[in-house]
Amino acid sequence: MSDTEVDEAAVTTNVPEDVEADVDEPETNDSTVERDAKHVPNAIPLKVRGLRKEFGGIVAAADVNLSVEEGSLTGLIGPNGAGKSTTFNCITGVHEPTAGQIHFQGEDITGLSPNEVAERGLVRTFQIARELEEMSVLENMMLAPTGQRGESLWRSVLPVARESVKQQEAAVLERCWEMLEFFEIDHLAHEYAGNLSGGQRKLLELARALLTEPSVLLLDEPFAGVNPSLESRLLDHINELQESGYTFLIVEHDMDLIMENCEHVIVMHQGTVLTEGTPEEVRTNEAVIEAYLGGEVDG
Amino acid sequence: MSDDEGGASEPAGLAAVWDNDATKLVALVGGILALYVGAGTLLDYGVRQQLNSIGLLVFYIAVFAMLALALNLHWGYTGLFNIGVIGFMAIGIYVTAVLSKSATVTEPAAGSIGGFGLPLWLGIIGGVVAAAVFGVLVALPALRLRADYFAIVTVGISEIVRFTLLESSFQQMQLFGYFVGLGGGSGLILDFDITDSLLDAVGVAEPYAGLTESLGATLGLGGNPKPVFDSLYYGVLLLVFLVLFYLLLRRVGNSPFGRVLKAIREDEEATKSLGKDTNRFKIKSFTIGCALMGLAGILFYAEQGAITPNAFRPRITFFVWIALIIGGAGSNTGSVMGGAVFAAFLFRGPLFLKNVIQESFDIGAVSTFGQAVSPLISGLNPVPMLAYAIDNLAQLQLVIMGLTLIYLMHNRPEGLLGHRQEPAACIPLTGLSRSDTATAPATETDGGVASKGGDGDE
Amino acid sequence: MGVSDRYDRGRRLFLEDPVRAVLVVIAVVLVLDLVRQLAVGQTQISEFGVMLKDGLMRGLFFGLAGIGLSMTYSILNFANFSHGDFITSGSFAGMVVTYVIAGGFGAEADIGSLALVGADGSVYGAQLGIGVATTPLAVVAGAVVAGVATVLLALFIDRLVYRPIRDRSGIALLITSIGVAFALRYLIQFVFGPSRRGVTDSGAVPSIGIPAVDGVVSVNLHEVSLLVVSVLLMLGLHLLLQRTRLGKAMRAMADNEDLARITGIPTERVVRFTWIIGASLAGVAGYMFVLWNGTLHWFQGWILLLPIFAAVILGGIGSVYGAIVGGLVIGLTMSVSIVWIPSGLARAAAFLLMIVVLLVRPEGIFAGRSTA
Ligand SMILES: Nc1ncnc2c1ncn2[C@@H]1O[C@H](COP(=O)(O)OP(=O)(O)OP(=O)(O)O)[C@@H](O)[C@H]1O
Ligand SMILES: [Mg+2]
């Protein structure tokens, strides 16, 4: 826990201006970014090299190479079946990669279990929301915060220790309400998560992920099914978080949204990274146009 | 002790008392007992018979409620599909027996097997620890299995335990100079007595004996009243254990720990993705549950005088499952209610009825199904069939239980007693908005730390 | 470089999968020890022959009865804990018919006693001279009825119990099947009584001795019958699955139910045939097993269910041939394990094998969920 706090502190002092300044320039020379990374280990918190994932005979990811810059809002796009979710699954330990390495904050995290990845501050949401159906929305939320003392069995049970757990619970509860209010689902706090609508589930999942206070968030189509006004509020919030040092990698099919909000866009096609660059570069890239026209039509 | 956890204590008066889960449980158990006493009175039961019947009823209510609670931790909370409950119970009581049977250091006569002669309380601790350790051994490899495979593994293990107990090679052996063993098919005689040892330990054995004599005389119990009081006293002791089980498991459930367990039950992968080391939680939960099953097993069999391996058939596991499903998996209060309802109506009820009928009517004995069915077909005479059914109620009872389980799974998978909400947190979550919770006492001491950004307060 | 590479890979396997590596070592040690025991004469070759034969018989039964379990597991998606009691039901139904026919429809004993398979020790199989050689008609009729009755029972229970909750999770169905199992098992006990009875005239079963190196392995007619019936049924099933449209549909369902539904295969029909095939095999297998074993009792099926599960899991759920191979492995394990462990623990050894398989290779030795 304290690690993340230290990171954030360090980050907030130097990143925002960089981000502002670099918006137009860094993508063409991925290699310089990497060279920089050697000097400033945290500049590229997430780096994927030669990632390959096969399911039986199906090659879902063939050779994925990508880097996510500290404090950036990076978009990951590509036609259906391009391997975006598979890449997420391999990064977060849900699937074990067939080949390749994943580095997070300078550490090789390939093959770690999902909880170990999440503990390091790399948290994801799922494309199909994974709410905990027979728990209330509030319980879903309260699960998320890290460093909960009461997760130790003995502290939860023994009389004196339990008092300290209760105090922390009150604080956790407070934070959860705050988050629920922000996401405008506080009126659903006592509803079973299984009774929420599709969009509400996505909100719940995003809110829950934020409560873990990650340093890097991987969001798999977070806005699918969310109404436009809330979507723009969420984007504002994401931008806010980004400014305070969070890093985002977002899978999204809404091209306009990506183009307007991301400073860096990675395009995947048939299990590999087709190209990457600024929104402008990507938009005009012929390979991208072809991939999208050749693939399924997207809004 | 747990009043603070019973939910918001806002509504005053009777309604609030009724809202308290503990009240409901006491009312249910009290109601069941009253029903039995009432029935006994109608049937002109003597005092001794009444007391015996109550002692037995309380015993079964307590053990099934304890077992259902332990299973609820596995299945209701963590989603661990354990259908080997009886195996852990068997390990508990057998280890207790081996540790605490009186020691034999010379080759004993055939058929009598000694133990290590440890004090009973040590034996009980040993039994509970053994069940827990065995639980860890099962859990470490098996927890990553799918629920249905986990079920098959656990039932397989409970049968392996039974075969091992049955095996003549382990019937008797010499260990550290003691002649001990598992007794093989003929089992072990339990030469200890929980009730007496407890009285001795507290130093009230003498007064107790005197009390039973005088009370027995007053109530007109006839000769040797002690067993009657022993069974009542043991029943009360088990109720105390039940209360402890309940309080413990409520604390486990209503806590961040329990919250993670519930989350694992719902979606283990999503829980992992939030940084929870689910394996650690599952092992802990499974181990605690197994230890409690071991303890319940000890309490179940310790006063029976003897144990044989074939008492530990999967049937008991099935009973516990029905109790849990009646009460509604996922709720501790429901588990106790399910245990009580199962014990009173499905387990003891039919036998009570059988006694009543056999004592009230002389319907004669019918030894085979054939003799029962032919008069029914030829002369539409149902009496022999009824007689046969009552005589073989023990079997029919299990048919009824099977049908009950099917009925519940069809119509009330969430339990007969409804879907109960027990908050997975140490503090009440009942507030309708943030401002409501802010009035909770704990928040006041900690409010400043709670809000991270500070943008919430204008 | 190449050598060290290979060495490295071997070491990595050991480090990454120590459980499997240890198992391989144990298996090798056991086989070597068996060879030693046979060579030294600690275990006689004829004794070992008898174990193999017994193992084969049990294995054939496990395989045959396991096919149904495997098919319901993959097509209906749940572990059917009432399968064992289907086997018991079939055996009892078949034996009722055998007793009634062998007892001359009441000529040799009270018809009621015959119909209850000699409940309470009123009639014994030996009294009626039951056996393939002595009462062939009664046995054939019994075997047929065992299959038919089990099918009817399975369809009845499916209609009443499983079909209404077909869309629920496999776990809900599993729990329900436990309820069915108990209801059936104790209903059987209620009707037929609790006794374990001898149902054949074991003295009247012709047998031949096959000379082994240091003794004789005798094989009797009931063993041959079990073998012949099993092989014929397995062959028939093979043809059904490979050659008919229905069989192909069933294989498709086992692989992917949603797919099968989309492509228009009438799934309820497939489900019905799954029960028919699975239950008839279970019933006939149970009957033949009882005939071989010579005894019948109300919890027979339950006792046999776990080794059958073991066989099915070992063979890979959904795989018919896997179930047969798995059955043979489990049957042989149970018989041969008594070379090393007390006979009372033979069943424990089979369960242990099943658990080990679940742990190291949960997809079975015939990986993949294919009915073929
Ligand atoms: N568990 C799995 N087993 C087999 N194949 C899989 C599995 N997961 C993904 N695939 C296959 O891998 C390919 C890539 O899938 P993936 O989900 O990564 O695509 P995606 O880019 O996220 O697409 P979408 O935009 O539709 O979400 C697809 O062809 C898919 O069928
Ligand atoms: Mg996707």
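Residues numbered from 1 in each chain as written. Chains lettered and ligands numbered in written order. Predicted model: local features only at pLDDT ≥ 70, side-chain atom pairs only at ≥ 80, totals over all residues. Heavy atoms only, no water.

Asker: Explain the overall build of chain B here, please?
Answerer: Assigned secondary structure in chain B consists of 20 helices and four strands. When the 458 residues of chain B are sorted by exposure, 55% land in the buried category. Taking contacts inside chain B between residues at least 6 apart in sequence as the whole, the part at least 24 apart equals 76%. (Helix = DSSP H or I, 4+ residues; strand = E, 2+ residues; numbered from the N terminus. Buried < 20%, exposed > 50% of the residue type's maximum accessible area, 1.4 Å probe, protein only. Contact = heavy atoms within 4.5 Å.)

Asker: Hey, could you run me through the confidence of the model for chain B in this one?
Answerer: Predicted coordinates in areas of low pLDDT are best not read in detail. All names here are of chain B. On average, residues of chain B carry a pLDDT of 82, and 87% of them reach 70 or more. Looking over chain B, one finds the lowest element-wise mean pLDDT in helix H20 (residues 441–450), namely 36, and the highest in helix H12 (residues 278–301), namely 95. The low-confidence segment residues 1–11, where pLDDT is below 50, has 16 contacts with residues more than four positions distant or belonging to other chains. Confidence drops under pLDDT 50 across residues 438–458; counting only partners more than four residues distant or on other chains, this segment forms 23 contacts. (pLDDT = per-residue confidence, 0-100.)

Asker: Would you explain the site of ligand 1 in this entry?
Answerer: Residues and elements named next belong to chain A. Around ligand 1, the neighbouring residues are Phe55, Ala60, Asn80, Gly81, Ala82, Gly83, Lys84, Ser85, Thr86, Gln127, Glu221 and His253. With respect to ligand 1, the backbone of Gly81 contributes an N or O atom lying 2.8 Å from an oxygen atom. Between ligand 1 and the protein, one listed contact pairs an oxygen atom with a side-chain N or O atom of Thr86 at 2.5 Å. Starting from 630 Å² of accessible surface for ligand 1 in isolation, the protein chains cover 64%. Here the shell around ligand 1 gets three residues from one element, more than from any other, and that element is helix H3 (residues 84–91). Its residues placed into classes, the shell around ligand 1 shows three nonpolar, seven polar and two charged. (Near = heavy atom within 4 Å. Polar contact = N/O pair within 3.5 Å; in protein donor to acceptor, adjacent residues only side chain to side chain. Areas by Shrake-Rupley, 256 points an atom, 1.4 Å probe, with all protein chains shown as cover. Nonpolar A, V, L, I, M, F, W, Y, C, P; charged D, E, K, R; others polar.)

Asker: Help me understand the environment of Ile152 of chain B in this model?
Answerer: Mapping Ile152 of chain B onto the fold places it in helix H6 (residues 147–166). Considering only alpha carbons, one finds Ile152 of chain B and Asn82 of chain B, 70 residues apart in sequence, at a separation of 8.6 Å. Apart from residues lying up to four places away in sequence, Ile152 of chain B is in contact with Tyr73, Phe81, Phe309, Ile313 and Met354 of chain C.

Asker: How do you make sense of the pairing of strand S3 (residues 215–220) of chain C when you look at a structure like this?
Answerer: Regular strands place their side chains on alternate faces of the sheet. Here strand S2 (residues 207–212) of chain C pairs with S3 of chain C via six bridges, running antiparallel. By the bridge assignment for S3 of chain C, Ser207 of chain C is matched with Asn220 of chain C. (Pairing = 2+ DSSP bridges.)

Asker: Help me understand the coordination of the magnesium ion (ligand 2), please; the structure alone is not making it clear to me.
Answerer: Ideal geometry at a metal gives 109.5 degrees between four tetrahedral donors and either 90 or 180 degrees between six octahedral ones. Residues and elements named next belong to chain A. Binding of the magnesium ion (ligand 2) to the protein goes through Ser85 (OG) and Gln127 (OE1), at separations of 1.9 to 2.1 Å. Here Ser85 is found in helix H3, whereas its partner Gln127 is found in the loop between strand S6 (122–124) and helix H5 (137–143), with 42 residues between them in sequence. Here Ser85 falls in the partly exposed class, since its relative accessible area comes to 21%. (Donors = N, O, S within 2.8 Å, 3.2 Å for Na, K, Ca; no water.)

Asker: How should the nonpolar core be read in this particular structure?
Answerer: The nonpolar side chains of soluble globular proteins are, as a tendency, buried together. Counting residues in each nonpolar core, the largest one holds 304 residues, and the members touching the most others are Phe64, Phe81 and Phe342 of chain B together with Phe81 and Phe309 of chain C. It is helix H3 (residues 47–77) of chain B that contributes the most residues to this core, 19 residues altogether. (Core = buried A, V, L, I, M, F, W, Y, C linked by side-chain atoms within 4.5 Å.)

Asker: What's the story with the interface of chain C and chain B in this structure? I'm lost.
Answerer: With 43 residues of chain C in contact, the opposing surface of chain B contributes 47 residues. Taking both partners together, chain C and chain B bury about 3900 Å²; carbon and sulfur atoms supply 79% of that area. Three residues stand out in chain C for area buried against chain B, namely Ile175, Phe190 and Leu359 of chain C, and they jointly supply 18% of the buried area on that side. For the pair chain C and chain B, the number of links is zero salt bridges. (Buried area = accessible area lost by both parts, 1.4 Å probe. Salt bridge = Lys/Arg side-chain N within 4 Å of Asp/Glu carboxyl O.)

Asker: I'm lost on the pattern of salt bridges in this one. Help?
Answerer: Working definition: two side chains of opposite charge can pair if their charged atoms are close together. Enumeration according to the criterion identifies 22 salt bridges over all chains in this entry. Note that Asp267 of chain B is salt-bridged to Arg130 of chain A, the shortest N-O span being 2.6 Å. With Asp267 of chain B in the loop between helix H10 (256–266) and helix H11 (268–273) and Arg130 of chain A in the loop between S6 and H5, this pair bridges two chains. Residue classification places Asp267 of chain B among the buried residues on the basis of a relative accessible area of 13%. Judged by its relative accessible area of 22%, Arg130 of chain A is partly exposed. Across the pair Arg162 of chain B and Glu159 of chain B runs a salt bridge, and its minimum N-O distance is 2.9 Å. With a gap of three residues between them, Arg162 of chain B and Glu159 of chain B both fall in helix H6, about one helical turn apart. Residue Glu159 of chain B is classed as buried on the basis of its relative accessible area of 3%. Connected through salt bridges with shared partners, the residues Arg130 of chain A together with Asp267 and Glu269 of chain B form a single ionic network.

Asker: I would appreciate a short explanation of the domain arrangement of chain C in the present structure.
Answerer: One frequently used descriptor of interface size is the decrease in accessible area upon assembly of the parts. All names here are of chain C. Segmentation of chain C into domains returns domain 1 (1–42) and domain 2 (43–360). Taking only C-alpha atoms into account, the centre of domain 1 sits 35 Å from that of domain 2. Contacts between domain 1 and domain 2 engage ten residues on the former and eight residues on the latter. In total, domain 1 and domain 2 occlude about 870 Å² of area from one another, counting both sides; carbon and sulfur atoms represent 66% of this. Counting the surface domain 1 buries against domain 2, the share from its top three residues, Leu34, Gln37 and Leu38, is 50%. Run the count over domain 1 and domain 2 and you get zero salt bridges. Taken together, the connections running from domain 1 to domain 2 amount to one residue pair in polar contact (both at pLDDT 80 or more). Looking at the side of domain 1 that touches domain 2 residue by residue, the class counts come to five nonpolar, three polar and two charged. (Domains from an automatic or database assignment.)

Asker: Explanation requested: unusual backbone geometry in the structure shown.
Answerer: Where the residue is not glycine, phi is negative for most of them; where a peptide bond is considered, it is trans in most cases. One non-glycine residue, Glu221 of chain A, lies in the positive phi region at around 50°. Checked against the element boundaries, Glu221 of chain A lands in the loop between strand S7 (216–220) and helix H9 (228–243). Using a relative accessible area of 10% as the deciding quantity, one classes Glu221 of chain A as buried. For Asn77 of chain C, which is not glycine, the phi dihedral falls at a positive 65°. Relative to the elements of secondary structure, Asn77 of chain C occurs in the loop between helix H3 (45–75) and helix H4 (83–102). Of the residues examined, Asn77 of chain C reaches a relative accessible area of 37% and is grouped as partly exposed.

Asker: Hey, could you run me through the packing of aromatic side chains in this one?
Answerer: Any pair of aromatic rings gets described here by the distance separating the centres and the angle formed by the planes. All told, the structure shown has 42 aromatic pairs over all chains when counted by the stated rule. A ring pair is formed by Tyr36 of chain B and Phe352 of chain B, whose centres lie 4.8 Å apart and whose planes are at 65°; its orientation type is edge-to-face. One end of the pair, Tyr36 of chain B, is in helix H2 (residues 21–42); the other, Phe352 of chain B, is in helix H15 (residues 349–360), with 316 residues separating them in the sequence. When its relative accessible area of 11% is taken as the criterion, Phe352 of chain B is described as buried. One cation-aromatic arrangement involves Arg124 of chain A over Phe126 of chain A; the distance from NZ or CZ to the ring centre is 4.0 Å. Across the ring face of Phe126 of chain A, the terminal group of Arg130 of chain A is positioned such that the distance to the ring centre comes to 4.5 Å. (Phe/Tyr/Trp six-rings, centres within 6.5 Å; stacked < 30°, edge-to-face > 60°. Lys NZ or Arg CZ within 6 Å of the ring centre and 35° of its normal.)

Asker: How should I be thinking about H4 of chain C in this particular structure?
Answerer: Residue pairs three or four apart in sequence face the same way in an α-helix, which turns once every 3.6 residues. With 20 residues, H4 of chain C should reach 28 Å at 1.5 Å per residue; the first-to-last C-alpha distance of 28 Å fits that figure. When you tally the buried positions in H4 of chain C, you get 17 out of 20 residues, the bulk of the element. (Expected span 1.5 Å × (residues − 1).)

Asker: Sorry, what's going on with the packing of helix H13 (residues 314–327) of chain B against helix H14 (residues 332–347) of chain B here?
Answerer: Two numbers describe a pair of packed helices, the interaxial angle and the distance between the axes. All names here are of chain B. Two elements in contact, H13 and H14, have axes whose closest approach is 7 Å; the angle formed by their N-to-C orientations is 120°. On the basis of their axis angle, the class for H13 and H14 is oblique. Here H13 and H14 pass one another in a crossing that is right-handed. Touching Phe319, Ile322, Ala323, Leu324, Ile326 and Gly327 of H13 are Gly334, Ser335, Gly338, Gly339, Val341, Phe342, Leu346 and Phe347, all from H14. For the contact of H13 with H14, the class distribution of residues is nine nonpolar, five polar and no charged. (Axes fitted to C-alpha atoms, helices over the stretch in contact; angles between N-to-C directions. Parallel < 35°, antiparallel > 145°, perpendicular 65-115°, else oblique. Left-handed = near helix turned anticlockwise from the far one by under 90°.)

Asker: Would you mind showing me how to read the interface of chain B and chain A here?
Answerer: Chain B puts 53 residues into the contact, and the matching count from chain A is 48 residues. Summed over both partners, the interface of chain B with chain A buries about 4700 Å², with 59% contributed by carbon and sulfur atoms. Across the pair Arg259 of chain B and Glu169 of chain A runs a salt bridge whose closest N-O atoms are separated by 2.9 Å. With eight residues, the top contributor of residues to the side of chain B that touches chain A is H10 of chain B. Class assignment for the residues of the side of chain B that touches chain A results in 20 nonpolar, 15 polar and 18 charged.

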